[in-house]
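One letter stands for each residue in the lines below.
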Amino acid sequence: MSIYDQYETVIGLEIHVQLATKSKAFCSDDTTFGASPNTHVSAISLGHPGTLPRLNKKQIEYAVKLGLALGSEISLKSYFDRKNYFYTDLPKGYQITQDRLPICIGGELEVRLKDGNKKIRIHHIHMEEDAGKSIHDQDPKNTLVDLNRAGVPLLEIVSEPDLRSAEEVDAFMTGMRQLVRYLEVSDGNMQEGSMRCDVNVSVRKKGDTTLGQRCEIKNLNSMRYARKAIEFETSRQIDLIESGGKVAQETLNFNPSTGKTAPIRDKENAHDYRYFPEPDLPPVIISKAFISELEKAQPPHPLALFNQFQKKYKLSEYDANLLTEEKLTALFFIDLAQHSKNYKAISNLIINKINPYLSESNTGLNDFPISKKHLSEFIQLIDENKVSNSMAYQRLFPEMLKNGEKAPLDLAEKLNLIQSSDSDFLEQIVDEVLAKNPDKVATYKKGKKGLIGFFMGEVMRASKGKADPKKTNGLLAKKLNV
Amino acid sequence: MPKYVSHQQVQNDLKAGKISCQELVEYYLSQIEATKELNAYVEIFAEEARQKAKALDQKLKEDPDSVGRLFGVVISIKDVLCYKGHKVTAASKILNGFESLFSATGIERLLREDVIIIGRVNCDEFAMGSTCENSVYGPTKNAADPSKVPGGSSGASAVAVQIDTCLVSLGTDTGGSVRQPAAFCGVIGFKPTYGRISRYGLLAYGSSFDQIGVLSNSVEDAALFLEIMAGSDEFDATVSTKPVPKYSESLTFDKKAKIAYFDTALNGEGIDEDIRKLSFGFIEDLKKEGHTVESVNFEYLDYIIPAYYVLTTAEASSNLSRYDGIRFGHRSSDAKNIDEVYKMSRTEGFGTEVKRRIMLGTFVLSAGYYDAYYSKAQKVRRLITDRTIEILGNYDFILMPTSPIPAWEIGKMIDDPVTMYLADIFTVQANMVGIPAISLPIGKHSNGMPVGIQLMANKFEEAKLLAFSNSIC
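Moving on, we come to the overall build of chain A. A tally of regular secondary structure across chain A gives 15 helices and 17 strands. Against the globule reference of 23 Å for 482 residues, chain A gives a C-alpha radius of gyration of 30 Å, more extended than a compact globule. Taken over the C-alpha atoms alone, chain A extends approximately 95 × 60 × 50 Å along its principal axes. Within the span of chain A, comprising 482 residues, buried residues form 50% of the whole. Once local pairs closer than 6 in sequence are excluded, the contacts in chain A between residues at least 24 apart make up 68%. When the accessible area of chain A is evaluated, it comes to approximately 23,300 Å², of which 50% is carbon and sulfur surface. The average position of the 66 basic charges and that of the 65 acidic charges among the side chains of chain A differ by 5 Å.

This is the structure in structure tokens:
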């Protein structure tokens, strides 16, 4: 047993989620990502003398939405506080945050792991504002400051130290990202910084119940880095303890190019943030009616859908996972499933045809050229054996993409794809085929059952592909086994 | 030109054609010029005021009904109030050259009623001080005796009204900054309930204490200005949304008032003998008019000043963090890195008193001291508030001298900040509790300096306070 196997890693996360509100947390500045530097600013977000913050109701609504989805207790009265520190991208010299009493307390997120699900407890969720961006690598002498992001509303989700590995962190982050997207409170885009996390890592001997000394790794903006940072940090701490050292509580940065963590050198560790009540904002008062309204408006949650897709629609875990990744796709499936019981066909249609089309054309489901009605009719044509499965996908579907406004049945007729399920017609062809091949019939009857494939092929050829394979199979079996 | 003491007088003469806005503005400009040595104005908006006066004269001629309610009213504003396109510096080097992008909500509402703003007046830096000496522009002098201070921090606002350079001046009041200079200069100083007027555009000192106030020669003007400036504002989350009464139309008080005073204040140590006598004389006059004036026990008087300085400096230390030399204002030309930009810009930009209060506020919020100072002071504030509101449940008003001592010599207390802080003892209570208060002139000290009396009322009882003040003025 390796020395590393004697230890377990204990991880807690602080996830920062940028909210998808139109305006900033405390003023009306635009929040759209990617604008030219310092164009989404105003006297308020620049911290000009005499300006005051004002509440953005959407921020509160989004915080409550997420809290409800995680089963948190919603504080009917919560407060804003100031966190004081100097930095170039912090215009007021303090960040408005919630320190004393956050808006959501407790809760949990159930995540899917290889060997079963695990519930990760949430300590609390609080509202705060983002800082601007300091850019150190574009000018040889100066730091450039972009304040577009200054004041963008954030939720900070603080987990309990319930995570035990980089895989669990990955699953948790993935689950949280999926949830915020389902709730439409954030786009959860890690590349654009809409979701970032600080990771608290400690190690302890397996079986120990007390927590080891933790280190905080700041600002990990991709899952890959988070994984690497956790793995590096775990080994570093174990090595340190094994060589007789002690882990010191410190704040670390992860350097992606070296794959190592290192203490943040500035005096940030020694910061005394001098939190105190924000005198410019009244307490946030939330009514029970507001909460129950948001409760009623909760969309289905991703994990619930994932389970439902396997149980109710009998789909594989693989299909269920793909179909519930995005809320729009999942709801699209559910809509189609109301008109057809052929769930596997719907699943195949979405996974094999629609999703590839969307990613190739770089569009979304809302812009998909074929209406749900026509897609339902398409599935119905297959269900009712009017068009064979292969013809439907190979020929009819491409035609529907081109002529979204035309009904699938009309297109199938035009393409002469309607397969006949007319028993008399089919029986006639089957009889003809059998009559033409008496020797094969005799061989079949002697026991060479594999010849059924030959007869199928002949019937198909004679019917120009329109024969319903199932019925043909049935008819052939009936006539040959007399 | 007669000395006008209210907007009605001015507007009557304007409408009767006895004077014009242009003549009025020229008169005030000449008054400003003639009193330059008092150092009240830090910037005069002469051309702008002339233009506006001309336009208003024209407007009156064309359609007398189209003029606003502040037609012909000329005001000055304290250098901590934002006026779009104009400099605002809080009398500090740190805001050297800074121009505001917007107008304070209060100012905006006055402008809509055709007010003319003639200039920006001096004050203590960031409204921190009781003398108007802590200013990058030098001290302002009291017109009653130019060797004496005019009080502070809205000292120059009081002087501007005292020397008839404008009808009304806007000040701000965090611990008495409107009332104390009003008392020192013999004018009326009125601070409304906390949150009655939007703080948007008021350069913050102590956010949970700050309030715009009015310095004037008449209660009518204070009432009309409040009526226009007060009320909800989307830019201030702490402003009250209560409806705004028509203060200016309810200025008669025909009842008998029940008034409390604190014996520990009026008969305590440290109160000037003349002020004590004038105050008791005033009480006797009130009694003669049939009002009830009674001594009430207030056990927290000694705790007001310490708690106030802990809480306001804590808020100030954070409020003034934005003056960092990065985005606007003074930046040290010697700074070579980010730490130096902060340290050197702030060291060079702030004056001694501001630095003292930033350090004090930073200390009381720091880890390990927060509970002993900040938390404790908040509890004291709660006690003072509860007791004061209790008293105001039984009495219409609380009466106190505005200041325990009259205006002192310039320079006398500059090195003794604690003694100066203690001189705020009677005015700070209204800010701690958030109640409205007014200082009214009641006579002269034997040394010739004006003396004021202060009345406080319950929250949002400005109408009663102003009506009573008007009836005894």
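Back to the write-up after that little detour.
Helix and strand counts for chain B stand at 16 helices and eleven strands. Relative to its length of 473 residues, chain B is compact, with a C-alpha radius of gyration of 21 Å against a globular reference of 23 Å. Seen through its C-alpha atoms, chain B measures out along the principal axes to roughly 65 × 65 × 45 Å. Each of the 473 residues in chain B was classed as buried or not, and the buried ones make up 64%. For chain B, long-range pairs separated by at least 24 residues make up 74% of all intrachain contacts whose partners lie at least 6 apart in sequence. With an accessible surface of roughly 16,600 Å², chain B has 50% of that area assigned to carbon and sulfur atoms.

Moving on to helix H6 (residues 317-324) of chain A. All names here are of chain A. Asp319, Ala320, Leu323 and Thr324 are the residues of H6 that are buried. All buried residues of H6 project into a common sector of 115 degrees when viewed along the axis, lining one side. Opposite the packed face of H6, turned more than 90 degrees from it, sit the exposed residues Glu317 and Tyr318. On its buried side, H6 packs onto helix H2 (166-183), helix H5 (302-311), helix H7 (327-337) and helix H8 (343-361).

This part takes up the environment of B:Cys21. Residues and elements named next belong to chain B. Tracing the sequence through the fold places Cys21 in helix H2 (residues 21-34). Among the residues examined, Cys21 registers a relative accessible area of 1% and is labelled buried. Once the C-alpha coordinates of Cys21 and Met420 are considered, the two residues, 399 residues apart in sequence, prove to be 41 Å apart.

Residues and elements named next belong to chain A. Where helix H1 (residues 57-69) contacts helix H4 (residues 288-296), the axes come no closer than 10 Å and their chain directions differ by 60 degrees. With respect to the hand of their crossing, H1 and H4 are arranged in right-handed fashion. For the pair H1 and H4, the contacting residues are Glu61, Val64, Lys65 and Leu68 in the first and Phe290, Ile291, Leu294 and Glu295 in the second. When its residues are assigned to classes, the contact of H1 with H4 shows five nonpolar, no polar and three charged.

On to the interface of chain B and chain A, then. Facing 41 residues of chain B, the contacting portion of chain A comprises 31 residues. Both sides together, the interface formed by chain B and chain A hides about 2,900 Å², and carbon and sulfur atoms give 58% of it. In this structure, A:Arg54 engages B:Glu234 in a salt bridge whose closest nitrogen and oxygen atoms are separated by 2.8 Å. Linking chain B with chain A are 16 residue pairs in polar contact (both at pLDDT 80 or more), by the criterion used here. Among the elements of the structure, helix H10 (301-319), helix H11 (338-349), helix H12 (352-365) and helix H13 (371-394) of chain B are those that each provide at least two residues to the side of chain B that touches chain A. Considering each element in turn, the side of chain B that touches chain A owes the most residues, five residues, to H10(B).

All names here are of chain B. Within the open sheet, the eleven strands sit side by side as S1-S3-S2-S4-S6-S5-S10-S11-S9-S7-S8. Their pairing is mixed. Both outer strands of the open sheet, strand S1 (41-44) and strand S8 (292-296), are each paired with one neighbouring strand and no more. In this sheet, adjacent strand axes meet at a mean angle of 30 degrees when their direction is disregarded. Bridge count between strand S5 (residues 188-191) and strand S10 (residues 437-444): three bridges; the pairing is antiparallel. In the strand pairing of S10, Phe190 is matched with Ile438. The strands touched by helix H16 (residues 462-472) are S5, strand S7 (258-262), strand S9 (397-401), S10 and strand S11 (450-456); relative to S10, the strand with the most contacts, the crossing angle is about 15 degrees.

Once that is clear, we can look at the domain arrangement of chain A. Each assigned domain of chain A is listed here: domain 1 (3-293) and domain 2 (423-480). One C-alpha centre belongs to domain 1 of chain A, the other to domain 2 of chain A, and the line joining them spans 67 Å.

Put simply, chain B has an average pLDDT of 97, and 100% of its residues get 70 or more. The ipTM assigned to the predicted complex is 0.96, against a pTM of 0.91.

Applying the stated criterion across every chain, the model contains 53 salt bridges over all chains. Put simply, A:Lys479 and A:Glu427 hold a salt bridge, and the shortest N to O gap is 2.9 Å. Residue A:Lys479 is found in helix H15 (residues 469-480), and its partner A:Glu427 is found in helix H12 (residues 423-436); the two are separated by 52 residues along the sequence. You can call A:Glu427 partly exposed: its relative accessible area is 27%. B:Asp173 is paired through a salt bridge with B:Arg179; the nearest N and O atoms lie 2.9 Å apart. Taken individually, B:Asp173 and B:Arg179 each receive the classification buried, so the pair is uniform in this respect.

Calculation rules
- Residues numbered from 1 in each chain as written.
- Chains lettered and ligands numbered in written order.
- Predicted model: local features only at pLDDT ≥ 70, side-chain atom pairs only at ≥ 80, totals over all residues.
- Heavy atoms only, no water.
- Helix = DSSP H or I, 4+ residues; strand = E, 2+ residues; numbered from the N terminus.
- Rg over C-alpha atoms; globule rule 2.2 N^0.38 Å.
- Buried < 20%, exposed > 50% of the residue type's maximum accessible area, 1.4 Å probe, protein only.
- Contact = heavy atoms within 4.5 Å.
- Areas by Shrake-Rupley, 256 points an atom, 1.4 Å probe, with all protein chains shown as cover.
- Lys, Arg positive; Asp, Glu negative; His and termini not counted.
- Charge placed at Lys NZ, Arg CZ, Asp CG, Glu CD.
- Arc of directions from axis to C-beta.
- Axes fitted to C-alpha atoms, helices over the stretch in contact; angles between N-to-C directions.
- Left-handed = near helix turned anticlockwise from the far one by under 90°.
- Nonpolar A, V, L, I, M, F, W, Y, C, P; charged D, E, K, R; others polar.
- Buried area = accessible area lost by both parts, 1.4 Å probe.
- Salt bridge = Lys/Arg side-chain N within 4 Å of Asp/Glu carboxyl O.
- Polar contact = N/O pair within 3.5 Å; in protein donor to acceptor, adjacent residues only side chain to side chain.
- Pairing = 2+ DSSP bridges.
- Domains from an automatic or database assignment.
- pLDDT = per-residue confidence, 0-100.

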